[in-house]
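# Close look at the chain arrangement
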Amino acid sequence: MVGPSASDATDADERDLVERAQRGDAAAYDMLVRRHLGRATAVARRLLGNIEDAEDLVQESFVRALDRIATFDANRAFAPWFYRLLINAGLNARKARALRAAEPEQREFASRGASPLEMTERQEIRDRFAAALHALPPRQRLVVAMFEVDGLSTAEIADALGISRETVRWHHHQARQSLRKALEPLWNDAARRAKHASDGDREVRGGSSL
Amino acid sequence: MIERREPSRDPRLGRAIRDVEGPALSAARLELLGSRIAAAAGVVLDARRDRAWWEWMTRWARTEVALASAAAILAMGIGGGSASQRGDIASDSAAVATALSRQSTTVGLDSVVTRALAAGASSEQVMNAVVGQPTSEWLLTAAVVR
């Protein structure tokens, strides 16, 4: 016989937290919030482009969820319901609110052993990738990031966005095509360098055997 | 039904996206945000508690008035005393009834209540009329028939 899985236990635990929150238990709701806070903030940041707006959105969404929690069926998973609320609010906020100017954060990319010329080239490719990512429609960007970065399944993403799994797959496919095209030069460059390094090793080994 | 396979994940793409998105929020910043949300949630829950109390009060207010009126009517009926004393109690009840039900009528309400009870109206019906049941036509009808 198969015993209850860790996931079942987590679900039961979450259901208990939701039911307690529905009865007005602040501590239970706080636990529920902290359980989803990290991922919710990542999703909000993806939608709005800067940390401050993302934090405001997450706070508003958790408060709104608490306001509506009495109508939520505790037998269902909390996350998809909450993410749908968060994402809808985020998409509306994008349209309605003048966002604080999101300065693209300049990040130092790993460039060990690269010459200044190589570093410049890589920076260009990364800028191109960042531009391609930001050029994606918001839902498409969310889908690809939730799948590739957060590790959510297509079913979970479909639930959170309120769309079908087929639509999620389609968005994912489209986004991946665009992004791969932008990243291709970087990957080709990395592959070329790896080949050079392995050729060099072979030469050294060949030379030493003589 | 044929279940389509889940697409495979591309770790290089994941890393590149993460690279553009920047590092995740620090634990300290998340903690601060969690506290902000807890404070805001506390306000919502307090407001809900206040609202629940007020709704409870409103719901029970009508019943409480009804019970008070019933007590007055019972006192009038079984409390003994002279006919004139009973008349006084009935008169008080009628005054309350007049104010609450906003019935302007040429018939004295003290006698209306007494007559209604004598006519076989249930005490619940009388209470409903005294505390302002939306329609209290039955009471007038009962009085007129009498």
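How each quantity is defined
- Residues numbered from 1 in each chain as written.
- Chains lettered and ligands numbered in written order.
- Predicted model: local features only at pLDDT ≥ 70, side-chain atom pairs only at ≥ 80, totals over all residues.
- Contact = placed C-beta atoms within 7 Å.
- Helix = DSSP H or I, 4+ residues; strand = E, 2+ residues; numbered from the N terminus.
- Nonpolar A, V, L, I, M, F, W, Y, C, P; charged D, E, K, R; others polar.
- Axes fitted to C-alpha atoms, helices over the stretch in contact; angles between N-to-C directions.
- Parallel < 35°, antiparallel > 145°, perpendicular 65-115°, else oblique.
- Left-handed = near helix turned anticlockwise from the far one by under 90°.
- pLDDT = per-residue confidence, 0-100.

### Some points on the interface of chain B and chain A
The partner chain A presents 39 residues to the 29 residues of chain B that form the contact. Breaking the side of chain B that touches chain A down by element, the ones donating at least two residues are helix 1 (11-21) and helix 2 (27-78) of chain B. By residue number, the principal contributor to the side of chain B that touches chain A is helix 2 of chain B, which donates 13 residues. Per-class residue counts for the side of chain B that touches chain A are 15 nonpolar, four polar and 10 charged.

### So, the packing of helix 2 (residues 26-48) of chain A against helix 3 (residues 51-68) of chain A
Residues and elements named next belong to chain A. Relative to each other, helix 2 and helix 3 sit at 135°, their axes nearing to 8 Å. Classified by the interaxial angle, the pair formed by helix 2 and helix 3 is oblique. The way helix 2 lies across helix 3 gives a crossing that is right-handed. Residues Tyr29, Val33, Ala40, Thr41, Ala44, Arg45 and Leu48 of helix 2 lie in contact with helix 3, whose contacting residues are Ile51, Asp53, Ala54, Glu55, Leu57, Val58, Phe62 and Leu66. Looking at the contact of helix 2 with helix 3 residue by residue, the class counts come to 11 nonpolar, one polar and three charged.

### Digging into the confidence of the model for chain A
Note that predicted coordinates carrying low pLDDT should not be read in detail. On average, residues of chain A carry a pLDDT of 82, and 80% of them reach 70 or more. Mean pLDDT in chain A bottoms out at helix 8 (residues 165-209) of chain A, which sits at 77, and peaks at helix 3 of chain A, which reaches 94.

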